[in-house]
Amino acid sequence: MSVNGVFKGHLFTFTANVLWGLMAPISKDTLNYFAENDIPAFTLAAMRMIGGCIAFWVLQCFLPKERTTWSDKGKFFICAMLAIVFNQCLFIVGVAFTSPIDASVITTLMPIVTMILAAIVIKEPITGLKAVGVFLGMSGALMLILGRGGDVFSFDKDSIIGDAMCLTAQVCFASYLVFFKGFISRFSSVTLMKWMFLSATAVVVPFAVPEIASIDFATMPLKIYLEIGYTVFVATFFTYMLIPTGQKYLRPTVVGMYNYVQPVVSSMVALLWGLTTFGYTKGIAIGLVFSGVYIVTQSKSRKQLKQQ
């Protein structure tokens, strides 16, 4: 594996997670508008899938086509269910049942789930260095999330249902990273994503079209249009074009660890918007996150351990 490829993997994965971190405050404003106008939160997830599908198929028109078999298309469908449909829909519906704080805390479990699955499925070793890195990253993310205030894990029936949905969403994406690492490396990002988003769109369209058709777009503020545009074309189309490169060149646990960059970015945006203040606690938390990510990238792979 080339050094240039590994560098691209880190750069693309980091960039995707920065853009997802920016999406958190942006999409929250959109979802608040949707709630005020009785538009289901699921509609925004559906817009991401439909918009991503259109964008990837249009882009494919300007690129060489890759040959895919029916077996490949079946695997694309499973990838789409895990990484797009179940991941996005379960999470956004789960947030409607539980608190945003609960949901944010649960997202910190994704790298841990990825590390465990990678150890079981592809025999990626859980080294002491890797475990320390994951622990530091999770600690920093939790400090940022819990520092916003709010109740965590209130155990009423709706919260339990919502928490379970959010956790299942993380397990689905971790499964995609681990089980399909070898498969996705055979295709370009555009080929992979055009079929994945087509599969996702085929599933959600019957449920989403009536909701989207009922929206009064004429009265929608320009700000909401711009926020939806960012969510669909930057935080979906562009980021999902970047992630397969990270998946190709990096171990699943390393890709998962970059998930901890998102709360850092969200906190920095809140700081810039004057919604929070910067104290030593946030500084320590950010230091823990990036230290954890760095430590995991320095942990040895199974191949490296065998060569010792």
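First, a word on what this report is: a plain description of the structure on this page. Since the structure is predicted, the reported quantities are computational estimates derived from the model, not experimental observations.

Section: the environment of G229
Now for step 1: Residue placement: G229 occurs in helix α10 (residues 222-249).
Now for step 2: On a C-alpha basis, the gap between G229 and G51 in space is 9.1 Å, while along the polypeptide they are 178 residues apart.

Looking at the nonpolar core
Now for step 1: Residues Y176 and M196 are the most contacted members of the largest nonpolar core, which totals 69 residues.
Now for step 2: Apart from residues lying up to four places away in sequence, M196 is in contact with F76, C79, A80, A83, I84 and Y176.
Now for step 3: Within the second largest apolar cluster, 5 residues are counted, among which are M115, V134, M138 and Y260.

Considerations on the packing of aromatic side chains
The description of two aromatic rings rests on the distance between their centres and on the angle between their planes.
Now for step 1: All told, the structure shown has 13 aromatic pairs when counted by the stated rule.
Now for step 2: Ring geometry for W57 versus W195: centroids 5.2 Å apart, planes at 80°, classification edge-to-face. Taken together, the positions of W57 in helix α2 (residues 42-60) and W195 in helix α9 (residues 189-213) put the pair 138 residues apart, joining distant regions of the chain.
Now for step 3: Looking at W195, the relative accessible area reads 18%, which means it is buried.
Now for step 4: Members of the aromatic cluster, connected to one another through ring pairs, are W20, F56, F197, F237 and Y240.
Now for step 5: Over the aromatic face of W57 sits the side chain of K194, whose NZ or CZ is 4.5 Å from the ring centroid.

Notes on helix α5 (residues 110-121)
Now for step 1: Helix length check: α5, at 12 residues, gives a terminal C-alpha distance of 16 Å against a target of 16 Å (1.5 Å per residue), a fit within 8%.
Now for step 2: Among the residues of α5, M110, P111, V113, T114, M115, L117 and A118 are the ones counted as buried.

Procedures and definitions
Sequence order sets the numbering: in each chain, residues are counted from 1 along the sequence as written. In keeping with the predicted nature of the model, local features appear solely for residues at pLDDT of at least 70, side-chain atom pairs appear and are counted solely at 80 or more, and the whole-chain, interface and lining totals rest on all residues. Values reported for side chains reflect all heavy atoms of the structure, with hydrogen atoms and water molecules removed beforehand. The helix and strand labels rest on DSSP assignments: H or I over at least four residues marks a helix, E over at least two residues marks a strand, and numbering proceeds from the N terminus. Among buried residues, the Ala, Val, Leu, Ile, Met, Phe, Trp, Tyr and Cys ones that are joined through side-chain atoms within 4.5 Å form a nonpolar core. Only protein chains enter the accessibility calculation, which uses a 1.4 Å probe. A residue is then buried if its area is under 20% of the maximum for its type, exposed if over 50%, and partly exposed in between. Residue contacts are counted whenever heavy atoms from the two residues lie within 4.5 Å of one another. Two rings from Phe, Tyr or Trp (for Trp, the six-membered ring) form a pair when their centres sit within 6.5 Å of each other. Planes less than 30 degrees apart are called stacked, planes more than 60 degrees apart edge-to-face, and all others tilted. Any Lys NZ or Arg CZ that is within 6 Å of a ring centre and within 35 degrees of that ring's normal is treated as a charge sitting over the ring. Helix span is expected to be 1.5 Å times the residue number reduced by one.

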